[in-house]
Amino acid sequence: MAIENVIEMRNITKRYKIRKSRERFTALDDVSLSIRKGEIFGLLGSNGAGKTTLIKVMSGLLQADEGTGETLGYDIYKDHKKIRATVSLVAPTADVGTDNNLTVRQNLEFWAVVYDLEREKREERIDEMLDFLELRQYENHWPMSISAGNRQKLAIARSLLVKNPVVFLDEPTVKLDAKSAAAVRELVKKINLEFGITVIMTTHYIYEAEELCERVAIMHKGKIVSCDTVANLRRNLQRYDEIVITCDQPTTEALNAITAIPVIVSCEYADGKLTVGLENIRSNLLEILKVLRGHGVSITEVATNEPTLEDIFVDTISGGGV
Amino acid sequence: MRFREWDSLKMFSKRELIIWLSYKMNALMWVLDTLFTTIIFFTLSLVTRGSDISFFPYGSNYVSFVVLGLFVHFISYTNLGDPFPRVSRIYWGGTMDLYMLSPLSYFTPMLGIMFRGVIDDYPRSILALLFGWLFFGAVFTFSSPFLLLIILILILLSTFGIGMISASSFYLFDFKQQVEPVKFIFQDVIIALTAGYYYPITVLPYPLQVLGGLIPHTYALDALRRLMIPGGDALTPVLPLQLALSGLSPVTLDILVLAVMSAVFLPLGWFMYVKGIEKARREGTLTRWQ
């Protein structure tokens, strides 16, 4: 069965006017991208990489200068109003759209009307969101009196009031402490799993993308420099995984047997540790250990060293291997 | 207007009312401010009492004359002066994107947030009339309620039309961090000088009277004062346009001009606002974060 894409962007370019100048700043440069229904997709990049601009183009909030694209099957130029009415967005700061003069519940009541939720379903949906996001105990609190993490949950609750199939989260954990950020990440997983919503999130936290996203696009200076699953990005990186095995001195035959495995690129024993460089640690670790044991090598400890998404990110934006 | 927009407007109004009521001290200050403004003009009326200063064709009661000026001033303050800062609030608050991601029309958020001004200023206009009538000797006649209603509707619409033109300049001409010129020129220059809130514009030099002919306030005040102040003369033309078209009765001409201004300013403001939003969507300036 063909994979259904909720978003298709082809060769999108967007240039912003520079104030008091005739020159233009290229925020998106020939960006092409497909996002599948039901996935959590990450846009990873440093400040100014073009993540938010891309989100705005995909959500119909910004008109691209060049390129073509569809969101939920709607053309980004002709049907931008329809796109805007069928996607949700959580802005980078929770306070955007949150009125501190209204209680948590009143805030949700306000947005339920703005989002044109059916009158009979409003209260029920608000209750559902308060429970789902564990905000029930704060429903009559002022937003300023609850934690930043809970305010972010309120912003997410607002975006989920209408069951739109696509939610854009623009840096959802920025400015949150570690505990609140972890709670929001859990929430993102839950939204995706329980409601089947496609989540497209921007972040410059690599560990966040690694934890949440099935696929990641790495953006740099308005371009997508790499887009794949985290596993594939790792695989394609011209930096090899490493295993450090604390063991007895292996025999020459044992070392030769290891080097004969096709994925092995280096093998060196020093100071009681055997360091093996290889292409894919996960598929080949057991085989290496089997070879060593087969040659009577006594193993006391195994440590692995895989490249993280951060390694890939740094490598990619510095023009390296992927 | 579809129910969706109407429901949203009611919800915006409810929110603005909650916010307004949360500042209880403000409400007291607001009543006192209106009272003191009326007192100032009552005191000023004492200066004119017994003198041969004429307010012709608007009767001879200065308090009546001036509280009608205040009435129109408060309405204009909201309808003309409010749309720009409300759009500005939506932009700087970062919520324009969120409103755009809803099924609402472009206008509903601005109209909804304007309700704060409506709560603030519309009752003031009534209070000014009430204070003038109850405490300071203002006298009014309501012999032509239908005409008064038409004039009231037309001054609301025409000033709001100018307000919309002013609001549209936020996005259309990118006046985000400076004085907005439409509002400045109308409210702070032409209206302040020639609207005739506090004096009949017939005392102004002729070029300023002509300038006053460009704003709806002049015609609304002329008609209201002729119709509502006892002793007002409904037949003698005094405004430059009335003198030029003396075949029409002054009040009829006032109403016609107000109708034309409403018919021009309102659609123009509407059109410019939509164009401004579309321009901002092209340029990525709907909200302050990009």
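Look up: the structure comes first, before these words.
Residues numbered from 1 in each chain as written. Chains lettered and ligands numbered in written order. Predicted model: local features only at pLDDT ≥ 70, side-chain atom pairs only at ≥ 80, totals over all residues.

## Things to note about the overall build of chain B
The test is simple: Secondary structure follows DSSP: runs of H or I at least 4 residues long count as helices, runs of E at least 2 residues long count as strands, and numbering of each begins at the N terminus. In this treatment the radius of gyration is a C-alpha quantity, and the globule benchmark scales as 2.2 Å times the residue count to the 0.38 power.
Assigned secondary structure in chain B consists of twelve helices and zero strands. Seen in sequence order, chain B has helices and strands lined up from the N terminus as α-α-α-α-α-α-α-α-α-α-α-α. Taken over C-alpha atoms, the radius of gyration comes to 20 Å for chain B, in line with the 19 Å a tight globule of 290 residues would show. Projected onto the principal axes, the alpha-carbon positions of chain B cover approximately 65 × 45 × 35 Å.

## Focus: the overall build of chain A
What counts is decided by this rule: Partly exposed residues are those whose C-beta has more than 12 but fewer than 20 other C-beta atoms within 10 Å; with 20 or more the residue is buried, with 12 or fewer it is exposed, and the C-beta atoms are placed from the backbone.
Each helix and strand in chain A was counted, giving eleven helices and 14 strands. Expressed as lengths along the three principal axes of its C-alpha atoms, the size of chain A is roughly 75 × 50 × 45 Å. Counting all 322 residues of chain A, 44% fall into the buried class.

## Focus on the packing of helix α7 (residues 145–172) of chain B against helix α12 (residues 250–283) of chain B
Residues and elements named next belong to chain B. For clarity, the threshold we go by: For every element, the axis is a line fit to its C-alpha atoms; helices are fit only across the contacting stretch, and the angle between N-to-C directions ranges from 0 to 180 degrees. Should an angle fall under 35 degrees it is called roughly parallel, over 145 degrees roughly antiparallel, and 65 to 115 degrees roughly perpendicular, with every other angle called oblique. Handedness of a crossing is defined here by the sense of rotation of the near helix relative to the far one, left-handed for an anticlockwise turn of less than a right angle and right-handed for a clockwise turn. Gly counts as polar in this scheme, as do all residues outside two lists: the nonpolar Ala, Val, Leu, Ile, Met, Phe, Trp, Tyr, Cys and Pro, and the charged Asp, Glu, Lys and Arg.
The interhelical angle for the contact between α7 and α12, taken along N-to-C directions, is 25°, at an axis separation of 7 Å. As judged from the angle between their axes, α7 and α12 are roughly parallel. For the pair α7 and α12, the sense of crossing is left-handed. The class makeup of the residues in the contact of α7 with α12 is 27 nonpolar, seven polar and two charged.

## Topic: the sheet that holds strand β8 (residues 198–203) of chain A
Residues and elements named next belong to chain A. Quick note on the threshold: Strands are treated as partners if at least two bridges between them are detected by DSSP. We call two residues in contact when the distance between their C-beta atoms, placed using the backbone, is within 7 Å.
Overall, mixed pairing links the six strands, which are arranged β6-β7-β8-β3-β9-β10 in an open sheet. At either end of the open sheet lies a strand with only one pairing partner, and these are β6 (87–90) and β10 (223–229). Direction aside, neighbouring strands of the sheet carry axes that sit 15° apart on average. Where strand β3 (residues 40–44) meets β8, five bridges bridge the pair, whose relative direction is parallel. Residue L43 lies in a different strand from β8, and its bridge partner there is T202. Helix-sheet contacts for helix α5 (residues 148–160) involve β6 and β7 (166–170), and the interaxial angle to β6 is about 170°. Across the sheet, helix α11 (residues 309–317) lies against β3, β9 (215–220) and β10, angled at about 35° from β9, the strand it touches most.

## Side note on the interface of chain B and chain A
Counting residues at the interface gives 25 residues for chain B and 26 residues for chain A. Broken down by secondary-structure element, the contributors of at least two residues to the side of chain B that touches chain A are α1 (3–21), α5 (96–100) and α12 of chain B. For the side of chain B that touches chain A, the per-class residue count stands at ten nonpolar, eight polar and seven charged.

## With respect to the environment of D170(A)
All names here are of chain A. Position of D170 among the secondary structure elements: in strand β7. Overall, the presence of 23 C-beta atoms within 10 Å leaves D170 in the buried class. For the pair formed by D170 and V90, sequence separation is 80 residues and the distance between their alpha carbons is 6.0 Å. For D170, the residues in contact, after removing those within four places along its chain, are T52, I55, L89, V90, A91, P92 and T202.

## Things to note about the sheet that holds strand β14 (residues 299–305) of chain A
Pairing between the strands of a sheet is mediated by backbone hydrogen bonds and can be parallel or antiparallel. Residues and elements named next belong to chain A. A sheet is described by the order of its strands in space; here four strands give the open sequence β12-β13-β11-β14, paired in antiparallel fashion. Strands at the two margins of the open sheet, each flanked by one partner only, are β12 (264–270) and β14. Across the sheet, the axes of successive neighbouring strands diverge by a mean angle of 15°, strand direction being ignored. Relative to strand β13 (residues 273–278), β12 runs antiparallel, the two sharing six bridges. The residue bridging Y269 from the neighbouring strand is L274, located in β13.

## Considerations on the pairing of strand β1 (residues 5–17) of chain A
All names here are of chain A. Of the pairings in the sheet, the one linking β1 to strand β2 (residues 24–36) comprises nine bridges and is antiparallel in character. The residue bridging E8 from the neighbouring strand is S34, located in β2. Counting the residues that bridge the hairpin from β1 to β2 gives six residues, and of these K20 lies at a positive phi of roughly 55°. Bridge analysis of β1 against strand β4 (residues 66–71) gives five bridges, and the strand direction is antiparallel.

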